[in-house]
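# Summary of structural features
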Amino acid sequence: MTRTATRSTRSTRTRLFRCLVPLLAVALAGACAGKSPSDDGGGDADGASSGNELSADFPAAADGDISSFTVGMAAGQGRYDPLLATTSVIVVNSYDCLLTWNDKGELVPGLAESWEQTSDTTYVYQLREGLKFWDGSPVTVDDVIFSMKRNVDPAVASPYGVYYTAFQDVTSTGPNEITVTLSRPDPYWRYASAIATTVIQQQFAVEHAEDLGTPGAIPIGTGPYLPSEYSPATGATLVRNEHYWGEQPAIESLEFSVVPDPESRRLALESGAIDATWDVPLEQARLWDQIPNVRIGYGPGGNTKIFSFDVTSPPFDDVHLRRAIAYAIDREGIANSVFNGHAEPARGVVPPEIFEIFFDEQQLADWYDSVPAYEFDMEKAKEELAQSAYPDGGLTIELPFQASQTVDQDILATLQQNLRELNIELTYQSMPDTQYFAELYRHENLGMQLFYFGPTYPDPFTYTFYMMAESQAVPNAFNFANFHSDASEELMAVQETDPDLQARVEAGAELVRMAADDAAYVGIAFLPFPVALNREFTIDGDFSIWTFANWASRIRIAES
Amino acid sequence: MSIAWYILRRLGVGLLLLVIASFFVFCLLYISPGSPEQVLLGGRPSTPEIIGTIRAKYNLDDPFLVQYGQWLLDAFRLDFGESIVTDQPVTTVLTDRAGPTLALALAGLVLTIVIAVPAGMYAAAKRNTSGDRMVSMLTLLGSSAPTFAVGVLLLYVFGVSLEWFPVFGNGTGFTGQLHHLVLPAIALAVTQIAYVTRQTRAAALRVYEQDYVTFARSRGLGRSLIWRRYALLNSSLPIVTATGLLLAYTLGGAVLVEVTFSREGVGSLMLQAVQSKDIPVVQGLVAFAAITVTLVNLGVDLVNLAIDPRLRKEVTG
């Protein structure tokens, strides 16, 4: 999905990130050249792929508690409510889902100790024994059912309702067991169990229905931390939840401060006033890399910077024109200059590591090789243009870009230069975020667009469905290229309904290849997900894009 | 006409101003593209049903005049609704945010008056000397230094390098808040000082050329007496007006200073609310600004009445 602001780039609940070895950059570059991304893995003993490794820059963790730890945030989160907070960096510490992800992106137990799909449309979850809310009261099946139903309650208007489109009902089927029934088979419901099943205490929520989520009425949860102080404006102080079902984290007092200005945030890091931030402005990477007391980890965030071309209306209904522009994009140059070497030139729109848990190395490499790369080549660009309806160029392309995405201007500037060689004039204009999205979601006169897309769960479907389904080529949806054909819809049908996981993922991989071949969506760069952390601290264990929900529990004192 | 009637009339005009301003801002927000549900969705994928539910929850589909009329009716009952983003009553949000802004505005104003008035008087007294030129040069520098640049410079020097002052936030407790206030107040005051110094110098020069000053001099009155009793008092009208304007402006939101120093005041709230199209909060802020401007202007005029008997005569007839 596209995201509205720098704020949400780093903080959506399923926020993907990895802090990884600089080696991975090499590994991914290797992948672009035809190797599997895991070939150059970090060399860890258990043979896990490199993508799941800590950055080599992060030292080992030492024992000991951290009395207080402050995180700088670019913006407040609005409501303190797992479903309605506008950023999740705070609330993930207070609420748990039925399931969660391990570092590889596989589903593992959360509040549910086990689960089972008993038919196409029924899922049964066994809750852990003895779960307690932070006030010490037991978590009941009714609390879970109430919490899940909030997603479809119009009075709540939960944005997470999008994962509940196939949801029909949830009922208690045993002392510690719930059963979800769907109205139609939805192979992706299993991911919803790790995204949109946060559990809060029913009694408190009902008593405070009017003002739930405001500082005086914070829903009671089960997570490792509970808020002791909260202000939507200035931040929060969280303390450990002594009733937490998992291991107690090292940080005793977890503090959040809103520091909106990026330059002030950088100075706050340098002065030690904050210990970490997820809001590192990528275009300033060069400056941030130089903060002496801070380590910055850059992991691929699963996010892709993408150009889309509306294939249904002129001039971009001409595949040769689209390919000509694709060849004129200097991805290498953009990754190195705009992102200061912290992004990967993209091939297609889905980062290859998304396929890692589904494909073996060979299959992954074969697939990635099959995706057209459009290596920067002005001669090929001219050849393609010569075959198009505009052999001499003479076109003017107008493009809006999102004001908060400051990197976009630099990307567009490099493309503008290259397109001049094709006698194509690219003009671009900054637009406030709300206006940009309002225009984009109107789904009219789409032409060429620049946006970025991040997955909500570790499956290619999250990219292909939103960008390539015919059902999404409508207002308020994401198929900005209006890309769909009979062939693509057949693959989409496999992806949407086939009970066989492998068949679904292969259909997704083929769709990605198809869209790239058609140059409907042209990937520019796989974006890093940055984290800035004071050198006194480190991130413990396998820390991957899928374990954001546990980020605070993994902060430890760095071994000196 | 009595003073009471004068004040009442001014307040009435202020109320009218409030209605007009709120209507225009409401219009602007309404016609500007984008809508709050995108902020609530945070760019997540969505379905028409979910968007419909959110729009219904916040009455975003009501006709324009119905929405405005409802807001106005509630506002007259002092109910400014609830923030779309935080769900808090707008009045609560505003009271939380007004404190830090008020403190910043007053601290900036105190700094400004303490430095700018003597500096301006000095420049006028020593006009065309090197001292005057020095003051003029400094005011030029001050008025052309961008506030955010001054802010970042102060942060770097006194926050990061010297570690004398904290780098962000409002602080807690009286001393904590005062400590957090120093750098922002200076950043805010730099431009204000330049402006008020120039106003003071010009006003004092005008007074200095008046016959009554020449007459006072010819009577052999001391220089300091002339300056204090004649020049300062008579040049204070434009100074009071200028500082009043500055105060009203800052209370309406010292956006740059608040954002640079991460002070959660009215200015940063305005920025966030407009960006997220949080209409109830923006409307609340407009009302707040209109009331502030009205009250500060009234205050300024009352002070001027107290200072200048000629004005007093005009008003009371």
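Provided above is the structure to which this section pertains.
Residue numbers here run from 1 along each chain, matching the order of that chain's written sequence. The order in which chains are written sets their letters, starting at A; the order in which ligands are written sets their numbers, starting at 1. Per-residue local features are limited, in this predicted model, to residues with pLDDT of at least 70; the limit for side-chain atom pairs, both in listing and counting, is 80 or more; totals at the level of whole chains, interfaces and linings are taken over all residues. By convention in this description, side-chain values take in all heavy atoms of the structure and omit both hydrogens and water.

## Overview of the interface of chain B and chain A
The following threshold applies: Residues count as neighbours in contact if any of their non-hydrogen atoms are within 4.5 Å of one another. Summed over both partners, the accessible area (1.4 Å probe) lost when two parts come together is defined as the buried area. Salt bridges, as used here, are contacts in which a Lys or Arg side-chain nitrogen is within 4 Å of a carboxyl oxygen on Asp or Glu. Comment: elements are numbered from the N terminus, with helices defined as DSSP H or I runs of at least four residues and strands as E runs of at least two. In the scheme used here, Gly and all other residues not listed as nonpolar or charged are polar, with Ala, Val, Leu, Ile, Met, Phe, Trp, Tyr, Cys and Pro taken as nonpolar and Asp, Glu, Lys and Arg as charged.
Each partner contributes to the interface: chain B provides 38 residues, whereas chain A provides 50 residues. Across the interface of chain B and chain A, roughly 3,700 Å² is buried in total on both sides, 65% from carbon and sulfur atoms. Scanning the region where chain B abuts chain A turns up one salt bridge. The closest approach of N and O atoms between R79 of chain A and D87 of chain B, which form a salt bridge, is 3.5 Å. Looking at the side of chain B that touches chain A, the elements that each hand over two or more residues are α2 (36-41), α3 (48-57), α7 (147-161) and α11 (255-260) of chain B. Along the lines of polarity and charge, the residues of the side of chain B that touches chain A split into 18 nonpolar, 15 polar and five charged.

## A few points about the sheet that holds strand β8 (residues 177-182) of chain A
Residues and elements named next belong to chain A. What counts, and what does not: Strand pairing is defined by DSSP finding a minimum of two bridges between the two strands. Between N-to-C directions, angles span 0 to 180 degrees; the directions come from axes that are lines fitted to C-alpha atoms, helices contributing only their stretch in contact.
Ordered by their spatial adjacency, four strands build an open sheet running β5-β6-β8-β7, and the pairing between neighbours is antiparallel. Two strands in the sheet have a free side with no partner beyond their single neighbour: β5 (112-119) and β7 (167-174). Strand-to-strand twist in this sheet, taken as the mean axis angle between neighbours without regard to direction, amounts to 20°. Where β7 meets β8, six bridges bridge the pair, whose relative direction is antiparallel. Bridge pairing in β8 places S172 opposite I178. Across the sheet, helix α3 (residues 141-149) touches β6 (122-127), β7 and β8, and the angle it forms with β7 is around 175°.

## Digging into the pattern of salt bridges
The line we're drawing: Relative accessibility under 20% of the residue-type maximum defines a buried residue, over 50% an exposed one, and the middle range a partly exposed one, all with a 1.4 Å probe and only protein chains included.
Taken as a whole and assessed by the stated rule, the structure comprises 23 salt bridges over all chains. Across the pair D540 of chain A and R556 of chain A runs a salt bridge whose closest N-O atoms are separated by 4.0 Å. In this pair, D540 of chain A sits in the loop between β19 (537-539) and β20 (555-558) while R556 of chain A sits in strand β20, placing the two residues 16 residues apart along the sequence. By relative accessible area, D540 of chain A is classed as partly exposed at 30%. Among the salt bridges present, the one from D74 of chain B reaches R77 of chain B, with a minimum N-O distance of 2.7 Å.

## Things to note about a nonpolar patch on the surface
The following threshold applies: Exposure above 30% relative accessible area and the absence of a salt bridge qualify a residue for a patch, where like charges join within 9 Å and nonpolar side chains (Val, Leu, Ile, Met, Phe, Trp, Tyr) within 5 Å. The Shrake-Rupley method, run with a 1.4 Å probe sphere, supplies the accessible areas, and residue values consider only the shown protein chains as cover.
On the surface, L16, I20, F23, F24 and L65 of chain B cluster together into a nonpolar patch covering about 520 Å² of accessible area. Owing to a relative accessible area of 59%, L65 of chain B belongs among the exposed residues under this scheme.

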